[in-house]
Amino acid sequence: ILNVEQSPQSLHVQEGDSTNFTCSFPSSNFYALHWYRWETAKSPEALFVMTLNGDEKKKGRISATLNTKEGYSYLYIKGSQPEDSATYLCASSTGTASKLTFGTGTRLQVTL
Amino acid sequence: DTAVSQTPKYLVTQMGNDKSIKCEQNLGHDTMYWYKQDSKKFLKIMFSYNNKELIINETVPNRFSPKSPDKAHLNLHINSLELGDSAVYFCASSWFKFGNTIYFGEGSWLTVV
């Protein structure tokens, strides 16, 4: 994998459903994997930064896992709520620590 | 207080003009960035400054010139604007050490007509 890829591109779930997205990234020269939540016309909001293989992070109903050997991360949302509707971006830093390469995001829409 | 603030939020200007977008962060970070959201919605890094020194300079036309008067400010000046420069530009800041969270501004929507 040369770029950061996210799937699915978009997702439509109902309130209460649990969901997950995938981020694939280059595993060579890996430094860190970032997840952001981005609402239109607002700043991307940092959710997690993970650096170690096997890392798991949790923030409320949202959690993420990291596999640096195979180059993927999963983001999970348990019991989705309408306020979870946003685009979820992942980004990896490789080689140069302060340079992030972003995926195009997964757009989540949660309806009642 | 907004952590990373950029102005203006919206800018409509004619081709050939010179314009600037200003960015300020009040987080005390030592590193600031400019990212551009391209037509395919990717956020791509343009420049990064650490302690007022340029450390990342991606393949960006030299019509784009960043200026960092101090650690808390990173301004983006664009000369001779072209239609293709229309995009959303995001300023961001962080501590330089790898694995640190990068904080973004709300973006500046530039439209060149």
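Bear in mind the structure is a predicted one, so any value in this text is a computation, not a measurement. (Residues numbered from 1 in each chain as written. Chains lettered and ligands numbered in written order. Predicted model: local features only at pLDDT ≥ 70, side-chain atom pairs only at ≥ 80, totals over all residues. Heavy atoms only, no water.)

Draft legend 1. Spatial organisation of the overall build of chain B. Helix and strand counts for chain B stand at zero helices and eleven strands. Computed over C-alpha atoms, the radius of gyration of chain B comes to 13 Å, within 12% of the 13 Å expected from 2.2 N^0.38 for 113 residues, which places it in the range of a compact globule. Oriented by its inertia axes, the alpha-carbon framework of chain B measures out at about 40 × 30 × 30 Å. The buried share of chain B, taken over its 113 residues, is 44%. (Helix = DSSP H or I, 4+ residues; strand = E, 2+ residues; numbered from the N terminus. Rg over C-alpha atoms; globule rule 2.2 N^0.38 Å. Buried < 20%, exposed > 50% of the residue type's maximum accessible area, 1.4 Å probe, protein only.)

Draft legend 2. Representation of the overall build of chain A within the structure. Each helix and strand in chain A was counted, giving zero helices and eleven strands. When the helices and strands of chain A are placed in sequence order, the string is β-β-β-β-β-β-β-β-β-β-β. Taking 2.2 N^0.38 as the reference for a compact globule, 112 residues should give roughly 13 Å; the C-alpha atoms of chain A span a radius of gyration of 13 Å, in line with that estimate. Seen along its three principal axes, the alpha-carbon backbone of chain A occupies a region of about 45 × 30 × 20 Å. A buried classification covers 47% of the 112 residues belonging to chain A. Taking as baseline every contact in chain A between residues at least 6 positions apart, the subset at least 24 positions apart corresponds to 53%. When the accessible surface of chain A is summed, it comes to about 5,400 Å², and 44% of that surface belongs to carbon and sulfur atoms. Distance from the positive charge centre (10 side chains) to the negative charge centre (10 side chains) of chain A: 5 Å. (Contact = heavy atoms within 4.5 Å. Areas by Shrake-Rupley, 256 points an atom, 1.4 Å probe, with all protein chains shown as cover. Lys, Arg positive; Asp, Glu negative; His and termini not counted. Charge placed at Lys NZ, Arg CZ, Asp CG, Glu CD.)

Draft legend 3. Expanded view of the side chain of B:Gln37. With respect to the element layout, B:Gln37 can be found in strand S4 (residues 31-37). Setting aside residues no more than four positions away along its own chain, B:Gln37 makes contact with A:Trp38, B:Phe42, B:Leu43, B:Ala87, B:Val88 and B:Phe90.

Draft legend 4. Spatial organisation of the pattern of salt bridges. Here the structure, examined in full by the defined rule, presents eight salt bridges over all chains. Taking the shortest distance from any N to any O, the salt bridge between B:Arg63 and B:Asp85 comes out at 2.8 Å. In this pair, B:Arg63 sits in the loop between strand S6 (53-57) and strand S7 (64-70) while B:Asp85 sits in the loop between strand S8 (73-78) and strand S9 (87-94), placing the two residues 22 residues apart along the sequence. The class for B:Arg63 is buried, based on a relative accessible area of 13%. Bridged by salt links that share partners, the residues A:Arg37, A:Glu39, A:Lys42 and A:Glu45 form one connected network. (Salt bridge = Lys/Arg side-chain N within 4 Å of Asp/Glu carboxyl O.)

Draft legend 5. Spotlight on the interface of chain B and chain A. Contacts between the two partners involve 23 residues from chain B, matched on the other side by 22 residues from chain A. Roughly 1,800 Å² of surface becomes buried between chain B and chain A when both sides are summed, with 67% attributable to carbon and sulfur atoms. Across the contact surface, chain B and chain A share zero salt bridges. Applying the counting criterion to the chain B and chain A interface returns six residue pairs in polar contact (both at pLDDT 80 or more). When contributions to the side of chain B that touches chain A are tallied by element, the ones reaching two or more residues are S4, strand S5 (43-50) and S6 of chain B. Across the side of chain B that touches chain A, the residue classes break down as 13 nonpolar, six polar and four charged. (Buried area = accessible area lost by both parts, 1.4 Å probe. Polar contact = N/O pair within 3.5 Å; in protein donor to acceptor, adjacent residues only side chain to side chain. Nonpolar A, V, L, I, M, F, W, Y, C, P; charged D, E, K, R; others polar.)

Draft legend 6. Local environment of the sheet that holds strand S3 (residues 19-24) of chain A. Residue and element names in this part refer to chain A. What the five strands build is an open sheet, ordered S1-S3-S8-S7-S6; its pairing is antiparallel. The strands lining the two open edges of the sheet, one partner per strand, are strand S1 (5-7) and strand S6 (56-59). Neighbour-to-neighbour, the strand axes of the sheet open up by a mean angle of 15 degrees, direction not taken into account. (Pairing = 2+ DSSP bridges. Axes fitted to C-alpha atoms, helices over the stretch in contact; angles between N-to-C directions.)

Draft legend 7. Up close: the nonpolar core. With 21 residues, the main nonpolar core has A:Leu33, A:Trp35, A:Leu75 and A:Tyr88 as its most contacted residues. Among the secondary structure elements, those contributing two or more residues to this core are S3, strand S4 (30-38), strand S5 (45-50), strand S7 (62-67), strand S8 (72-77), strand S9 (86-94) and strand S11 (106-111) of chain A. Excluding residues that lie within four positions of it along the chain, A:Tyr88 makes contacts with A:Gln6, A:Phe21, A:Trp35, A:Tyr36, A:Arg37, A:Leu47, A:Leu75, A:Ile77, A:Gly105, A:Thr106 and A:Leu108. Judged by nonpolar contacts, the second largest core, of 19 residues, contains B:Cys23, B:Phe47, B:Tyr49 and B:Cys91. (Core = buried A, V, L, I, M, F, W, Y, C linked by side-chain atoms within 4.5 Å.)

Draft legend 8. Spotlight on empty space enclosed by the protein. All names here are of chain B. What the rule picks out here adds up to two cavities of 30 Å³ or more. In this structure, the second largest cavity spans a volume of roughly 30 Å³. As for the second largest cavity, its lining consists of Asp30, Thr31, Met32, Tyr49, Asn50, Asn51, Lys52, Ser68 and Lys71. Listing elements by their share of the lining of the second largest cavity, those giving two or more residues are S4 and S5. Residue composition of the lining of the second largest cavity, grouped by class: two nonpolar, four polar and three charged. (1 Å grid on protein atoms, 1.4 Å probe; cavity = no way out; pocket = protein on both sides within 12 Å on 5 of 7 lines; lining within 4 Å. Points joined across faces, edges and corners; volume = space filled by probe spheres on them.)

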